[in-house]
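Read off the chains here:
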Amino acid sequence: MVATPAPLSALAHIPGRRGLPYVGVALEFIRDPYAMGRRHTERFGPVFRQYLLGHWTVSLTGADAVEYVLGDPDGMFSSYEGWRLLHELFPGGLMLRDGADHRAHRRVMQAAFRASAMRDYLDGMNGGIATLLDGWGGEMRFYPAIKDLTLKLGAAVFMGLPLEGEEAQRLNRAFQAEVAASLALIRAPVPGLAYKRGLDARAYLTGRFAEMIPERRARPGPDFFSQLVAATEDGWSEQDIVDHLNFLMMAAHDTTTSALTTMVWALANQPEWQEAIREEIAGIGGTTLDYDDAARMELTERVFKEALRFMPPLAFIPRQAERAFTWAGMEIPAGAHVGVSPGAVMISEEYWSHPDRFDPDRFSPERAEDRSHRFAWCPFGGGAHKCIGMHFALLQVRAFTFQFLRRFRVEAVAGTDADWARVPIAKPKNGLPLRLVPLGH
Ligand code: HEM
């Protein structure tokens, strides 16, 4: 049963701030959500409410809160109701399902991530990365370049389309409009505005995916779409397949783009780490990553983990409480929209030494700072909705880094250090200018 959203009167005893009409504290949140969170915690304590784009959210701070809400031991938090910003654009996506329905769908989807399928995806990634990196070199803005690369790679690996054909381009444009709409401030289908463009794009994408299902069923390829179609012969509707694919591409794209950007920014600024990874890659040998060698890229994994701690793509996770509960002595009513912040936990001095330093060795077996709390390091969330694409993301990051650092030395460009937007998905506001020096491999 879904609880009706809690009215302000039910939240009145929780300290907090309304801010401006309708937008609430959204502008402050966008400017620096962590600084705002710290200010609110100092002023109101570990539980507070804030008004954001027409809704009240109750923030629960600290790693215990992240563990409780995401781990959800009492089965009382709805992810569907929490992610209401995505209801119209990504209905039916895995993250927008709850309880038994979510478990059943997740089990089927898991089949598309089994090892033999992952080997095929890696082949697709390797070929795509090799082709797309051919156009790289010199001074470039890294963020738009990697966004374009992962989008094209996504068309190939997820959809089974050629990297750069007309169809892939159309789908990619529609997909970008859909993602942009999910972040739009004005959420009404007004012609000419981003939200309406996103809804139209969704209609186009889902229509096109539906048309492709019979092709993928008749002639399955090594792509994710074919795997999903094969895994779902036991009773999913066409709409289910289309909805999952649509959501999954969104969940995979901006997050991986963001993580790779932070990583490469760090490698440009810490040449000793760049060199260490280049040596790791040289030690493995070959021109592209072999699936059986992926686990040998340990230093790469350490830098990736630190990048996700330092600049988590998804810093906040929303839920709705379906029943009343008490947290830190505060009664939270049924229907309250609740937010927790993996991002704030991952830069907290409570769990990390000098959290403002980019220091991959904090993940070394000797230091293992990520073990300081079960949810000290949680960029992929946790509990029933923990990212299903975590290993896929790590594989893609390893495959990219393998070829990228074999081919280029990456250098920071003086006077252009990144200024990061932390929300909705972390990215450098200046696009991150970098210099790529070809290494002649
Ligand atoms: C560095 C990259 C990534 C990060 C940081 C990330 C982060 C997350 C987080 C925090 C969640 C949990 C959201 C919640 O609990 O409400 C999540 C869920 C999800 N992610 Fe990822 N993700 C990444 C890459 C991917 C990739 C590559 C895929 C697909 C191949 C993917 C597919 C999904 C799906 C389907 C869910 C929903 C799972 C469920 O509800 O059961 N993600 N991701």
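Each value, and the rule that gives it
- All chains use their own residue numbering, which begins from 1 and follows the written sequence.
- Since the coordinates come from a predicted model, pLDDT governs what is reported: local features require at least 70, and pairs of side-chain atoms require 80 or more to be given and counted, while whole-chain, interface and lining totals use all residues.
- Side-chain metrics in this entry use all non-hydrogen atoms of the structure; hydrogen atoms and water are not considered.
- To form a nonpolar core, buried Ala, Val, Leu, Ile, Met, Phe, Trp, Tyr and Cys residues must be joined to one another through side-chain atoms within 4.5 Å.
- Only protein chains enter the accessibility calculation, which uses a 1.4 Å probe; a residue is then buried when its area is under 20% of its type maximum, exposed when over 50%, and partly exposed in between.
- In this analysis, two residues are considered to be in contact whenever any of their non-hydrogen atoms come within 4.5 Å of each other.
- Axis definition: a line fitted to C-alpha atoms, over the contacting stretch in the case of helices. Angles run 0 to 180 degrees between N-to-C directions.
- Note on conventions: DSSP H or I runs of at least 4 residues are helices, E runs of at least 2 residues are strands, and numbering of each starts at the N terminus.
- Any angle from 65 to 115 degrees is called roughly perpendicular, while one under 35 is roughly parallel, one over 145 is roughly antiparallel, and all others are oblique.
- Here a crossing is taken to be left-handed if its near helix is turned anticlockwise relative to the far helix by less than a right angle, and right-handed if that turn runs clockwise.
- Following the grouping adopted for this structure description, the nonpolar residues are Ala, Val, Leu, Ile, Met, Phe, Trp, Tyr, Cys and Pro, the charged ones are Asp, Glu, Lys and Arg, and the polar ones are all others, Gly among them.
- Salt bridge criterion: a side-chain nitrogen from Lys or Arg within 4 Å of a carboxyl oxygen from Asp or Glu.
- Because no water is among the atoms considered, metal sites can look incomplete, with donors defined as N, O and S atoms within 2.8 Å of the metal, or 3.2 Å for Na, K and Ca.
- Any residue with a heavy atom positioned within 4 Å of a molecule or strand is treated as near that molecule or strand.
- Throughout this description, a polar contact denotes any pair of N or O atoms lying within 3.5 Å of each other; where both atoms belong to protein, one of them has to be capable of donating a hydrogen while the other can accept it, and for residues adjacent in sequence the pair is counted only when both atoms sit in side chains.
- Using a grid of 1 Å spacing that covers the protein atoms alone, one calls a set of points a cavity when a 1.4 Å probe fits there but cannot get out, and a pocket when the set is open and has protein on both sides within 12 Å along at least five of seven lines; lining residues are those with an atom within 4 Å of a point.
- Grid points are joined across faces, edges and corners, and a volume is the space filled by probe spheres set on the points.

A few words on the nonpolar core. Judged by nonpolar contacts, the single largest core of 136 residues is most densely connected at Leu60, Trp136, Phe325, Ile332, Phe400 and Phe404. Setting aside its immediate chain neighbours within four residues, leucine 60 contacts Pro46, Val47, Ala65, Val69, Phe325, Trp327, Ile332, Val338, Gly339 and Val340. Counting residues in hydrophobic clusters, the runner-up holds 6 residues, among them Ala26, Phe29, Met36 and Leu52.

This brings us to the packing of helix H7 (residues 115-133) against helix H8 (residues 142-157). Between H7 and H8, the shortest axis-to-axis distance is 10 Å and the interhelical angle comes to 140°. Between H7 and H8, the interaxial angle falls into the category oblique. As for the relative orientation of H7 and H8, their crossing is right-handed in sense. For the pair H7 and H8, the contacting residues are Tyr121, Gly124, Met125, Gly128, Ile129, Leu132 and Leu133 in the first and Leu149, Lys152, Leu153 and Val157 in the second. In the contact of H7 with H8, the residues fall into 8 nonpolar, 2 polar and 1 charged.

With that out of the way, let us pick up the pattern of salt bridges. One pass over the full model with this rule turns up 30 salt bridges. A salt bridge links arginine 309 to glutamate 306, with the nearest nitrogen and oxygen atoms 2.7 Å apart. Here arginine 309 pairs with glutamate 306, and both are found in helix H14 (residues 298-310), just 3 residues apart, close to one helical turn. Of the two residues, arginine 309 and glutamate 306, neither departs from the other in class, the shared state being buried. Among the charged side chains, a network of salt bridges with common partners joins Glu306, Arg309, Asp359, Arg362, Arg367 and Glu369.

Turning our attention to the coordination of the iron atom of the ligand. Of the protein atoms, Cys387 (SG) alone serves as a donor to the iron atom of the ligand, at 2.3 Å. Mapped onto the fold, cysteine 387 is located in the loop between helix H15 (342-345) and helix H16 (390-407).

This next bit is on the site of the ligand. The environment of the ligand is made up of 29 residues, and the closest members are His102, Arg106, Arg319, His385 and Cys387. At 3.4 Å, a backbone N or O of methionine 95 approaches an oxygen atom of the ligand. Interatomic distance of 2.6 Å between a side-chain N/O atom of histidine 385 and an oxygen atom of the ligand. Those elements that provide at least two residues to the shell around the ligand are helix H6 (99-110), helix H12 (238-269), strand S6 (317-321) and H16. No other element matches the 7 residues that H12 contributes to the shell around the ligand. The class makeup of the residues in the shell around the ligand is 21 nonpolar, 6 polar and 2 charged.

Right, let's get into the layout of surface pockets. In this structure, the second largest pocket occupies an estimated 580 Å³ of space. Lining the second largest pocket we find 25 residues, and of these Glu301, Lys305, Asp370, Arg371 and Trp377 sit closest to its centre. Considered class by class, the residues forming the lining of the second largest pocket number 11 nonpolar, 6 polar and 8 charged.

Tracing the backbone shows aspartate 223 in the loop between helix H10 (194-218) and helix H11 (224-231). For the pair aspartate 223 and valine 157, spaced 66 residues apart in sequence, the C-alpha to C-alpha distance is 5.1 Å. Among residues more than four places away in sequence, those in contact with aspartate 223 are Tyr121, Ala156, Val157, Phe158, Met159, Gly160 and Arg216.

Along the chain, histidine 253 turns up in helix H12. If we ignore the near neighbours within four places in the chain, the residues touching histidine 253 are Lys147, Thr150, Leu151 and Phe175.

Take empty space enclosed by the protein next. Counted according to the given criterion, the structure contains 2 cavities of 30 Å³ or more. If you add up the space inside the largest cavity, you get close to 120 Å³. Surrounding the largest cavity, 15 residues form its lining, Thr150, Gly154, Phe158, Ala252 and His253 being those nearest its centre. Of all the secondary-structure elements, those providing two or more residues to the lining of the largest cavity are H8, H12 and H16.

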